[in-house]
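# Architecture at a glance
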Amino acid sequence: MEEKKELTPVVQEEEKRLTLNKWVQGIVHYKWWVIGATLGLGVAGALGTQFGLNSITEKLTAGYTYNLATITDEDNVERFVDGTLFNYASVVSKGNMESIKASNEQFKKIDINKIVKNSAISVVRNVDYKTDSSGNVVPESRTVTYTITAKAKFFPSKEVGKEFIEALILSPKTSSSLAIARYSVTSYISTNFSELSYSEKVGALQSQQRVIASTYENLEDKFGGYVIGNANGQTLAQISSDFNSVASKVSVLANAFYANGYVDYVSGQESQRILEIKAEAEANAKALESKQNELDVAKDLLKTMQSATVISTLQSESEYSKELIKLKNQITALSNEIDSMVKDLHWAGYYPNSEGVWEFNDYDEHNACFQLTNLDATWVNKNAAYGEELASAASSLIVERSEATDSFKYMYDHYNNGVSILNSGYVEVKSSISWVIGFAVGLILGFLVTSFITGEIEVNYQKKEKESK
């Protein structure tokens, strides 16, 4: 009797338990329930992933590079060629996004305020350098790329979001094109050129010649000499060569000015003009002394900077190099300015005496004051003709400046005004989970949950059947 009492509860407990056999029986018995619930949860998983989870996690992103009409100055500030500031982050500024939204009807449902409020869009600048086998950075190997990222849920659809992001990426190209259109080689020949003195005219012509030559040099450094440089199909080398003939005439005119003492004056007022020239020369002599002092200080500072002890006072080697270059440029500018002032003093008839003081030299027969005093007939005729040559050179340089401006615009517009989206060339959707995964997870969960439920139902069903017998 005692053994039966011990076995009875075990049998009852076994009847209440869900076994593998009863689980399978439940699935078979209630197969349509299992199939229906499994499929239902699979669909729910797919829909939940596609329209629920993805709406929270999905991001629209793209990497891109710019090849715009910009120039980086010595302070590492990037500007468009017309001088306006280029800021890569401005593509996601509220103003720019509002402008892009207004440009396309399909963007009208985008809520810019909500995007800004939730910091739902950002752009970062990536700078990479190549290294050699020793791990050292390779000079001039820097590459700059940008990555823009936006939360997909803030757009009416992913497709609209992609197009909006792409429009943002491309937007600086418009600014670049406008900067190119606004660019013009600096003009030194003003509308009152005819009213200037010979000295001022020569200075204006030389400045104009230098800036045009510098424009071509910079274009050649950037694009090479054998690329097409204008709408006529000429190469930059050909255009620059044509300009050199005009530039050489300017150099000849400048040399003739100093060598022959050419000077503008009114007939009968030669004495007054001599007094003006000497007064200007006295002022130039004092200014020259000040400039020479500046140059001496700059040269002494350069020697100090080139010593190793000064490097430790700067934050980095790059900062040291930048300051060194800036100082060398200052020395070059001062030297050129001093050379020009010395030429002007010699033109006026002034030379330093044994004590280094600048004074008028009566023995110089080529200076302007001497020529105005003697008024040699041959010199008078050549002097008048020289004024006409200056006017002719000014007209030529006005044309050359226009051609240099056109070449600059042509080359930047054709070779330096683009945007490239990296990878496949389009905006990508990231952090997105495929609906297939949601469907599969839903199927698995649906099957497991419903099969265990039907298994429990089967256990209870069999228990009731036994109790009813």
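Attention here is on the structure that accompanies the text. (Residues numbered from 1 in each chain as written. Predicted model: local features only at pLDDT ≥ 70, side-chain atom pairs only at ≥ 80, totals over all residues. Heavy atoms only, no water.)

### Quick notes on helix H7 (residues 198–223)
Taking 1.5 Å of rise per residue, the 26 residues of H7 would be expected to cover 38 Å, and the 37 Å separating its terminal C-alpha atoms lies within 8% of that figure. Among the residues trailing H7, Gly224 stands out with phi positive, at a value near 95 degrees. (Helix = DSSP H or I, 4+ residues; strand = E, 2+ residues; numbered from the N terminus. Expected span 1.5 Å × (residues − 1).)

### Comments concerning the pattern of salt bridges
Applying the stated criterion across every chain, the model contains 7 salt bridges. Note that Glu58 is salt-bridged to Lys158, the shortest N-O span being 3.5 Å. Of this pair, Glu58 sits in the loop between helix H3 (31–57) and strand E1 (59–67) while Lys158 sits in helix H6 (residues 158–182), and the two are 100 residues apart along the sequence. Judged by relative accessible area, Lys158 falls into the partly exposed class, the value being 30%. Taken together, the shared-partner salt bridges in this structure form one network comprising Asp264, Arg273 and Glu276. (Salt bridge = Lys/Arg side-chain N within 4 Å of Asp/Glu carboxyl O. Buried < 20%, exposed > 50% of the residue type's maximum accessible area, 1.4 Å probe, protein only.)

### A few points about unusual backbone geometry
The backbone of Ser119 shows a phi angle near 45 degrees, a positive value even though the residue is not glycine. Checked against the element boundaries, Ser119 lands in the loop between helix H5 (112–117) and strand E4 (121–128). With relative accessibility at 59%, the residue Ser119 sits in the exposed group. One non-glycine residue, Leu375, adopts positive backbone phi at about 50 degrees. Position of Leu375 relative to the elements: it lies in the loop between helix H12 (368–374) and helix H13 (377–415). Taking relative accessible area as the criterion, Leu375 reaches 31% and is therefore assigned partly exposed.

### Considering the packing of aromatic side chains
One pass over the full model with this rule turns up 21 aromatic pairs. With a centroid separation of 5.6 Å and an interplanar angle of 25 degrees, the aromatic rings of Tyr64 and Tyr146 are classed as stacked. Within this pair, whereas Tyr64 is found in strand E1, its partner Tyr146 is found in strand E5 (residues 143–151), the two being separated by 82 residues in sequence. An identical accessibility class is assigned to Tyr64 and Tyr146; each is buried. Relative to Phe360, the ring of Tyr350 has its centre 5.8 Å away and its plane inclined at 65 degrees; by these criteria the two rings are edge-to-face. Of the two residues, Tyr350 sits in strand E6 (residues 350–352) while Phe360 sits in strand E7 (residues 358–360), which places them 10 residues apart along the sequence. Residue classification places Tyr350 among the buried residues on the basis of a relative accessible area of 3%. By relative accessible area, which is 25% here, Phe360 ends up partly exposed. (Phe/Tyr/Trp six-rings, centres within 6.5 Å; stacked < 30°, edge-to-face > 60°.)

Without other data, these values stay purely geometric and don't point to any function.
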